[in-house]
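# Summary of structural features
As a plain string of letters, each chain reads:
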Amino acid sequence: MGFTPQGFEDDKREAAEPYEVWEEHWDALETFLRIRTQWRIASSMNGAHYIGLEYPALYGHPRFARLDLDEQETLMDQVQHLEAGALEVLNTS
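Now for a description of the structure that goes with this document. Every value quoted in this text rests on a predicted model; they were computed, and no experiment measured them. (Residues numbered from 1 in each chain as written. Predicted model: local features only at pLDDT ≥ 70, side-chain atom pairs only at ≥ 80, totals over all residues. Heavy atoms only, no water.)

### Comments concerning helix H2 (residues 26-34)
- Along H2, the residues that are buried comprise Ala28, Leu29, Thr31 and Phe32. Down the axis of H2, the buried side of the element spans an arc of 165°, and every buried residue falls inside it.
- Residues of H2 that are buried make contact with strand E1 (39-44), strand E2 (47-53), helix H3 (55-59) and helix H5 (69-90). (Buried < 20%, exposed > 50% of the residue type's maximum accessible area, 1.4 Å probe, protein only. Helix = DSSP H or I, 4+ residues; strand = E, 2+ residues; numbered from the N terminus. Arc of directions from axis to C-beta. Contact = heavy atoms within 4.5 Å.)

### Side note on H5
- Under the 1.5 Å per step criterion, the end-to-end length of H5 is 30 Å for 22 residues, consistent within 8% with the ideal 32 Å.
- Buried within H5 we find Gln72, Leu75, Met76, Gln78, Val79, Glu83, Ala86 and Leu87.
- Looking at the buried side of H5, the elements it contacts are H2, E1, E2, H3 and helix H4 (62-65).
- One side-chain oxygen at the N-terminal end of H5 lies 3.1 Å from the backbone nitrogen of Asp70; it belongs to Asp68. (Expected span 1.5 Å × (residues − 1). Polar contact = N/O pair within 3.5 Å; in protein donor to acceptor, adjacent residues only side chain to side chain.)

### A closer look at the pattern of salt bridges
- By the definition in use, this model includes 3 salt bridges.
- Of the charged contacts, one joins Arg63 and Asp27 as a salt bridge, the two residues approaching to 2.9 Å between their closest N and O atoms. One end of the pair, Arg63, is in helix H4; the other, Asp27, is in helix H2, and 36 residues separate them in sequence.
- For Asp27, a relative accessible area of 40% puts it in the partly exposed group.
- Between Glu54 and Arg40 there is a salt bridge whose closest N-O contact spans 2.8 Å. In this pair, Glu54 sits in the loop between E2 and H3 while Arg40 sits in strand E1, placing the two residues 14 residues apart along the sequence.
- Via salt bridges that share partners, Asp27, Glu30 and Arg63 belong to a single interconnected network. (Salt bridge = Lys/Arg side-chain N within 4 Å of Asp/Glu carboxyl O.)

Written out as structure tokens, the structure reads:
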């Protein structure tokens, strides 16, 4: 098995469709993308399992620290929704 141009074309057709992000969710998406490499992962003989984001990476981010407490709570709730959706995909085998 190797790479074939046909396989590449098939992959291109399966790419996700463009999507719209509502303005009120834009900050949460940007924040999620900024900490996207900060996952807690459990490894075993059965493979890896994503547990969730490392929240200290979020708390320590300068943009998060500048928000007031109500804004932090709102952003955290939105990021956790994104995290939950990502975990469903990442832990699907």
